[in-house]
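The chain contents come next:
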Amino acid sequence: MSSNISPKVQQQLAMLQQIQQQVQTVVGQKTQYEMAVKETNRAVEELKEVADDAPVFVNVGTVMMQQEKATVLASLTEKAETLELRIKSLEKQEKALQMKFEQLQAQVKQAIGGPQQAA
């Protein structure tokens, strides 16, 4: 079948596979960030229930250090906000890649001349 496909279409098929891999990578990163946000938000909720004067410890590399509750809460909140921004950025990237994939897929289908599935 590959002998019937022009080099241009073969290149487009390779690009489709590449875009599909990029989408999978972006989705994987987004999932990791979403899990990190959930963990961070869970830590914030748990910390809110702790007394203001209770000792709070955080991991700093391989060492645990005591910090004030307010400082830890602020740090966790900032971390969650940063992760949310990264997620939004990845969502935009995912949409752009998906659109590119669909456009290229339509071009390949048209070049092949039918409703056959590409990639």
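Note that residues are indexed from 1 along each chain, following the sequence as it is written. At least 70 in pLDDT is required for a residue's local features to be given in this predicted model, at least 80 for side-chain atom pairs to be given and counted, and no such filter applies to totals for whole chains, interfaces and linings, which use all residues. To obtain the side-chain values, all non-hydrogen atoms of the structure were used and water was disregarded.

Chemist: Hey, could you run me through a nonpolar patch on the surface in this one?
Modeler: On the surface, Val 60, Val 63 and Met 65 cluster together into a nonpolar patch covering about 240 Å² of accessible area. We count a stretch as a helix when DSSP gives it H or I for four or more residues in a row; a strand needs E for two or more, and each element gets its number in order from the N terminus. In this fold, Val 63 is placed in strand β2 (residues 63–67). The exposure class of Val 63 is partly exposed, given its relative accessible area of 45%. Exposure above 30% relative accessible area and the absence of a salt bridge qualify a residue for a patch, where like charges join within 9 Å and nonpolar side chains (Val, Leu, Ile, Met, Phe, Trp, Tyr) within 5 Å. Residue burial considers only the protein chains on display, and all accessible areas are found by Shrake-Rupley using a 1.4 Å probe. We define a salt bridge as a side-chain nitrogen of Lys or Arg found within 4 Å of a carboxyl oxygen belonging to Asp or Glu. Only protein chains enter the calculation, and the probe is 1.4 Å; a residue is then buried if its accessible area is under 20% of its type maximum, exposed if over 50%, and partly exposed in between.

Chemist: Quick question: what am I supposed to make of the pattern of salt bridges here?
Modeler: Any two side chains of opposite charge can pair, on the condition that their charged atoms come close. For the structure shown, the criterion picks out three salt bridges. A salt bridge links Lys 30 to Glu 94, with the nearest nitrogen and oxygen atoms 3.0 Å apart. Residue Lys 30 is located in helix α1 (residues 7–48), and its partner Glu 94 is located in helix α2 (residues 69–112); the two are separated by 64 residues in the primary sequence. An identical accessibility class is assigned to Lys 30 and Glu 94; each is buried. The closest approach of N and O atoms between Lys 69 and Asp 52, which form a salt bridge, is 3.1 Å. With a gap of 17 residues between them, Lys 69 in helix α2 and Asp 52 in the loop between α1 and β1 (56–60) connect regions that are remote in the sequence.

Chemist: Sorry, what's going on with the UniProt feature "coiled-coil region" (unreviewed entry) in the protein here?
Modeler: UniProt positions are given in the numbering used here, feature names are shortened, and annotations may be inferred rather than shown by experiment. Following the UniProt record, the feature "coiled-coil region" (unreviewed entry) maps to residues 30–107 here. This span, residues 30–107, is 74% helix and 13% strand, and a straight line between its end C-alpha atoms measures 29 Å.

Chemist: I keep staring at the nonpolar core and nothing clicks. Help me out?
Modeler: Residues enter a nonpolar core if they are buried and are Ala, Val, Leu, Ile, Met, Phe, Trp, Tyr or Cys, with the set joined through side-chain atoms within 4.5 Å. Of all hydrophobic cores here, the largest spans eleven residues; its members are Ile 5, Val 9, Leu 16, Ile 19, Val 23, Val 26, Leu 90, Leu 97, Phe 101, Leu 104 and Val 108. For this core, the elements supplying multiple residues, two or more each, are α1 and α2. In this analysis, two residues are considered to be in contact whenever any of their non-hydrogen atoms come within 4.5 Å of each other. Residues contacting Leu 104, with those up to four places away along its chain left out, are Gln 12, Met 15, Leu 16 and Ile 19. Grouped together as the second largest cluster of nonpolar side chains are seven residues, Val 44, Leu 47, Leu 73 and Leu 76 included.

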